[in-house]
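Chains, contacts and geometry: an overview
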Amino acid sequence: QVQLVESGGGLVQAGGSLRLSCAASGRTFSTYAMGWFRLAPGKEREFVAAISSSGGVTHYSDSAKGRFTISRDNAKNTVYLQMNSLKPEDTAVYYCAAYGPLQSYGGSVYSTQPNDYDYWGQGTQVTVSS
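So, here is what we can say about the structure in this document. (Residues numbered from 1 in each chain as written. Predicted model: local features only at pLDDT ≥ 70, side-chain atom pairs only at ≥ 80, totals over all residues. Heavy atoms only, no water.)

1. Here's the deal with the state of the cysteines
Here is the rule: Cysteine sulfur atoms are paired as a disulfide whenever they fall within 2.5 Å. Numbered from the N terminus, helices here are DSSP runs of H or I no shorter than four residues, and strands are runs of E no shorter than two. With a 1.4 Å probe rolled over the protein chains alone, any residue whose accessible area is under 20% of its type maximum counts as buried; one over 50% counts as exposed, and the rest are partly exposed.
As enumerated under the stated definition, the model contains one disulfide in all. Disulfide pairing is shown between Cys22 and Cys96; the S-S distance is 1.9 Å. What sets the handedness of the Cys22 and Cys96 disulfide is the S-S torsion sign, and at about 50 degrees it is right-handed. Placement of Cys22 in strand β3 (residues 18-24) and of Cys96 in strand β9 (residues 92-99) is noted, with a sequence separation of 74 residues between them. Using a relative accessible area of 0% as the deciding quantity, one classes Cys22 as buried. The class of Cys96 is buried, set by a relative accessible area of 0%.

Right, dumping it as structure tokens:
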């Protein structure tokens, strides 16, 4: 059982940066792949970024690639999303999610599919003004 709590959202001007954090409970955080998704009004849930349980493999949406960086600190049970060069279209509620436990594949597994994820945080609002 994993509980996830996001933080770090807020209001930022276009071109600015934010770093989101997701703190996880439990003793098995290092066995879960983690992902970030976002939900904007009138749109479907959208994959943003994912990271394998070891932190060795990352994957990004086309929109996020080159601007966002996902990372994790397994010693702190925390995953991060560094967002740079923010655009108004990045405005959404951002959710972190955990996929697992994963006990094989050398810690390289990740997923872009929300149905693969087992636990979700409550979300944090990101608003980018023009």
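After that view, the rundown keeps rolling.
2. Some remarks on the nonpolar core
Heads up, the condition is: Among the buried residues, those of types Ala, Val, Leu, Ile, Met, Phe, Trp, Tyr and Cys that are joined through side-chain atoms within 4.5 Å form a nonpolar core. Any two residues whose heavy atoms approach within 4.5 Å at even a single point are treated as in contact.
Counting 30 residues, the largest nonpolar core has Leu4, Met34, Trp36, Leu81, Met83 and Tyr94 as its most contacted members. Only β3, β4 (33-39), β5 (46-51), β7 (68-73), β8 (78-83), β9 and β11 (124-129) provide two or more residues apiece to this core. Beyond its immediate chain neighbours, meaning those up to four positions away, Leu81 contacts Leu18, Arg19, Leu20, Trp36, Val48, Ala49, Phe68, Thr69, Ile70 and Tyr94. Counting residues in hydrophobic clusters, the runner-up holds nine residues, among them Ala33, Ala50, Ala97 and Tyr99.

3. Looking at the sheet that holds strand β1 (residues 4-7)
Just so we agree on the cut-off: At least two DSSP bridges between two strands are needed for those strands to be called paired. Every axis corresponds to a line fitted to the C-alpha atoms, with the helix fit spanning only the stretch in contact, and the corresponding angles, defined between N-to-C directions, vary from 0 to 180 degrees.
Strands sit in the order β1-β3-β8-β7 across an open sheet of four strands; the sheet is antiparallel. Edge positions in the open sheet fall to β1 and β7, since each of these has one partner strand only. Strand-to-strand twist in this sheet, taken as the mean axis angle between neighbours without regard to direction, amounts to 15 degrees. In this sheet, β8 lies alongside β7 in antiparallel orientation, the contact comprising six bridges.

4. A few points about the pattern of salt bridges
Inclusion rule: Every case where a carboxyl oxygen of Asp or Glu lies within 4 Å of a side-chain nitrogen of Lys or Arg is listed as a salt bridge.
Under the defined criterion, the tally for this structure stands at three salt bridges. One salt bridge in this structure joins Glu46 and Arg38, with 2.9 Å as the shortest N-O distance. Since its relative accessible area comes to 7%, Arg38 is described here as buried. Asp90 serves as the salt-bridge partner of Arg38, at 2.9 Å between the closest nitrogen and oxygen. Note that Arg38 is positioned in strand β4 and Asp90 in the loop between β8 and β9, a separation of 52 residues in sequence. Here Arg38 and Asp90 have matching classes, each one buried.

5. Structural notes on the pairing of β11
Of the two faces of β11, the one lined by Thr124, Val126 and Val128 is fully buried and the one lined by Gln125, Thr127 and Ser129 carries no buried residue. As defined by bridge partners, strand β2 (residues 10-13) adjoins β11 across four bridges and the pair is classed as parallel. By the bridge assignment, Leu11 is partnered in β11 with Thr127. Pairing of β9 with β11, which is carried by three bridges, proceeds in the antiparallel orientation. Within β11, the residue paired with Val93 across the bridge is Gln125.

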